Amino acid sequence: MDQDAIKNFISGLPKAELHLHIEGTFEPELMFGIAERNHIDLKYNSVDDLKSAYDFNNLQEFLDIYYSGTNVLIEEQDFYDLTWAYLQKIHSQNVLHTEIFFDPQTHTSRGVAFDKVISGIHRALGDGRSKLGISSFLILSFLRHLSEESAFQTLEEALPYKSWITAIGLDSSEKGHPPNKFERVFTKAQAEGFLTVAHAGEEGSPEYVWEALKLLQVSRIDHGNRSLEDSLLIDELVKRKMSLTVCPLSNLKLKVVRDMTQHPLAKMLDKGMMATVNSDDPAYFGGYVNENYEAVAVALKLTKGQIVQLAKNSFTASFLNEVEKKAMIEKVDLYYRDQKN
Ligand code: ADE
Ligand code: ZN
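Within any chain, residue numbers begin from 1 and follow the written order of that chain's sequence. All chains are assigned letters beginning with A, and all ligands numbers beginning with 1, in the order in which they are written. Only residues with pLDDT of at least 70 get local features here, since the model is predicted, and only at 80 or more are side-chain atom pairs given and counted; chain-wide, interface and lining totals rely on the full set of residues. Note that the side-chain values use all heavy atoms of the structure and ignore hydrogens as well as water.

- In the annotation of an unreviewed UniProt entry, the entry for the chain reads Adenine deaminase, and the organism field reads Aquipluma nitroreducens.
- UniProt positions are given in the numbering used here, feature names are shortened, and annotations may be inferred rather than shown by experiment. According to UniProt, the comment filed for the chain under the heading Sequence similarities (unreviewed entry) is "Belongs to the metallo-dependent hydrolases superfamily. Adenosine and AMP deaminases family. Adenine deaminase type 2 subfamily."

Spelled out as structure tokens, the structure:
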């Protein structure tokens, strides 16, 4: 398959996205627009000036810029516009279902009410459903560089909005902030009926993945790249059919991988791990879901069958119910069959 054929094949493929930070979809043009209407000065003079700062050597360098970008988000409408722009983008990429993270502490710590953040996102997701036919779930993510106490407080704030939130996640600076720091608050979250996921093994050691499984009882591991360093862990992940939400362009931009031909995704698939492809923070890493599929398909010389497997995995690993999953997977099968004829 030549590059154009791969691109076309991926573009029409029905997909789900399971690892996406809504704050990471903040495109510079929208950031400048919202900054202006909120009378906030960005420290960059232009979109190009801002984009030229998107050059990262590790996760922390990225996070510093990512958090500073969120400072212009103040009103409910800002969170709506951010989410709506993302939904329109993925609609053009044949993403039928998305499960998005939001980081409330990033906003409440600046004095923005939890209600404004979640109401704007929730309203856009409703419009995504009614106007674009995109189904979605929301995942509240704790910032792991902050304290356990702050996570408990955030969980309390979230309880009145329980019906809008499907799962609790864990993100931000990984090293030095192991999952065990959040065991108690995750236990409480589960008792309140939330599912759990956690970033682990992006920069942190395989031990972080073990802890996410055993202490946080996660339904998915976000990233999980470094799991491949531990053969017992690989066996455990395969046995549990544990899904990994892998983010290839993110891994490249944050130097988690040296170049895309070294990306662990092919090895994950070979070993029978339930890997999925996602965009993480597309406005910062140079691509949405389709560009992530394309990057690995080309660099790792994936077959059409493997690309289709990734799309099916994205639905299998989602929080949709079994009937919905089956219907989505049938759409993938149908597409593949039509493409063959
Ligand atoms: N927050 C946004 N993107 C992230 C990533 N890739 N890892 C950890 N925290 C994040
Ligand atoms: Zn992430």
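Back to the write-up after that little detour.
1. A closer look at the packing of helix α5 (residues 76–91) against helix α7 (residues 114–132)
Now for step 1: Here, axes are lines fitted to C-alpha atoms. For helices the fit covers the stretch in contact, and angles between N-to-C directions go from 0 to 180 degrees. Elements are defined by DSSP. Helices are runs of H or I of four residues or more, strands are runs of E of two residues or more, and each kind is numbered from the N terminus. Packing of α5 against α7 brings their axes to within 7 Å, and their N-to-C directions diverge by 35 degrees. Note on packing geometry: the crossing formed by α5 with α7 is right-handed. Residues Glu 76, Gln 77, Phe 79, Tyr 80, Thr 83, Trp 84, Leu 87, Gln 88 and His 91 of α5 form the contact with α7, whose own contacting residues are Lys 116, Val 117, Ser 119, Gly 120, Ile 121, Arg 123, Ala 124, Leu 125, Asp 127, Gly 128, Lys 131 and Leu 132.
Now for step 2: When residues are sorted by character, Ala, Val, Leu, Ile, Met, Phe, Trp, Tyr, Cys and Pro go into the nonpolar class, Asp, Glu, Lys and Arg into the charged class, and all the rest, Gly among them, into the polar class. Partitioned by chemical class, the residues of the contact of α5 with α7 number nine nonpolar, seven polar and five charged. Left-handed is the label given to a crossing in which the near helix is rotated counterclockwise from the far helix by less than a right angle, and right-handed is the label when the rotation is clockwise. Throughout, a residue-residue contact means that at least one pair of heavy atoms, one from each residue, lies within 4.5 Å.

2. Here we look at the pattern of salt bridges
Now for step 1: Salt bridges are defined as contacts in which a side-chain nitrogen from Lys or Arg sits within 4 Å of a carboxyl oxygen from Asp or Glu. Summed over the entire model, instances satisfying the criterion amount to 17 salt bridges.
Now for step 2: Arg 220 is the salt-bridge partner of Glu 99, the closest N and O atoms lying 2.8 Å from each other. Remark: Arg 220 occurs in strand β6 (residues 220–223) and Glu 99 occurs in strand β2 (residues 95–102); sequence separation between them is 121 residues.
Now for step 3: Each residue is placed in one exposure class: buried if its accessible area under a 1.4 Å probe, protein chains only, is under 20% of its type's maximum, exposed if it is over 50%, and partly exposed if it falls in between. A relative accessible area of 0% means that Glu 99 is categorised as buried.
Now for step 4: Residue Lys 162 is joined to Glu 192 by a salt bridge in which the shortest nitrogen-to-oxygen separation is 2.9 Å. Here Glu 192 lies in the loop between α9 (183–191) and β5 (195–200) and Lys 162 lies in the loop between α8 (148–158) and β4 (167–171), a separation of 30 residues in the sequence.
Now for step 5: Of the residues examined, Lys 162 reaches a relative accessible area of 32% and is grouped as partly exposed.

3. Quick look at the UniProt feature "site: Important for catalytic activity" (unreviewed entry) in the chain
Now for step 1: The sites that UniProt annotates as "site: Important for catalytic activity" (unreviewed entry) are His 223.
Now for step 2: You can see His 223 is positioned in strand β6.
Now for step 3: His 223 gets classed as buried once you look at its relative accessible area, which sits at 0%.
Now for step 4: In contact with His 223, other than residues within four places in its own chain, are His 19, His 199, Ala 200, Glu 202, Leu 244, Thr 245, Val 246, Cys 247, Ser 250, Asn 251 and Asp 280.

4. Let's talk about the UniProt feature "active site" (unreviewed entry) in the chain
Now for step 1: Per the UniProt record, the feature "active site" (unreviewed entry) sits at Glu 202.
Now for step 2: On the accessibility criterion, Glu 202 (5% relative accessible area) is buried.
Now for step 3: Residues within four places of Glu 202 in sequence aside, it is in contact with Leu 59, Glu 174, His 223, Arg 226, Ser 250, Leu 254, Val 256 and Asp 280.

5. A few points about the sheet that holds β4
Now for step 1: DSSP-based pairing: two strands are paired if at least 2 bridges between them are found. If you trace the eight strands from one edge of the open sheet to the other, you get β1-β2-β3-β4-β5-β6-β7-β8, paired in parallel fashion. Looking at which strands have only one partner, the edges of the open sheet turn out to be β1 (15–21) and β8 (274–277). Averaged over all adjacent pairs, the angle separating strand axes in this sheet is 25 degrees, with direction ignored.
Now for step 2: In terms of strand pairing, β5 meets β6 through four bridges, oriented parallel.

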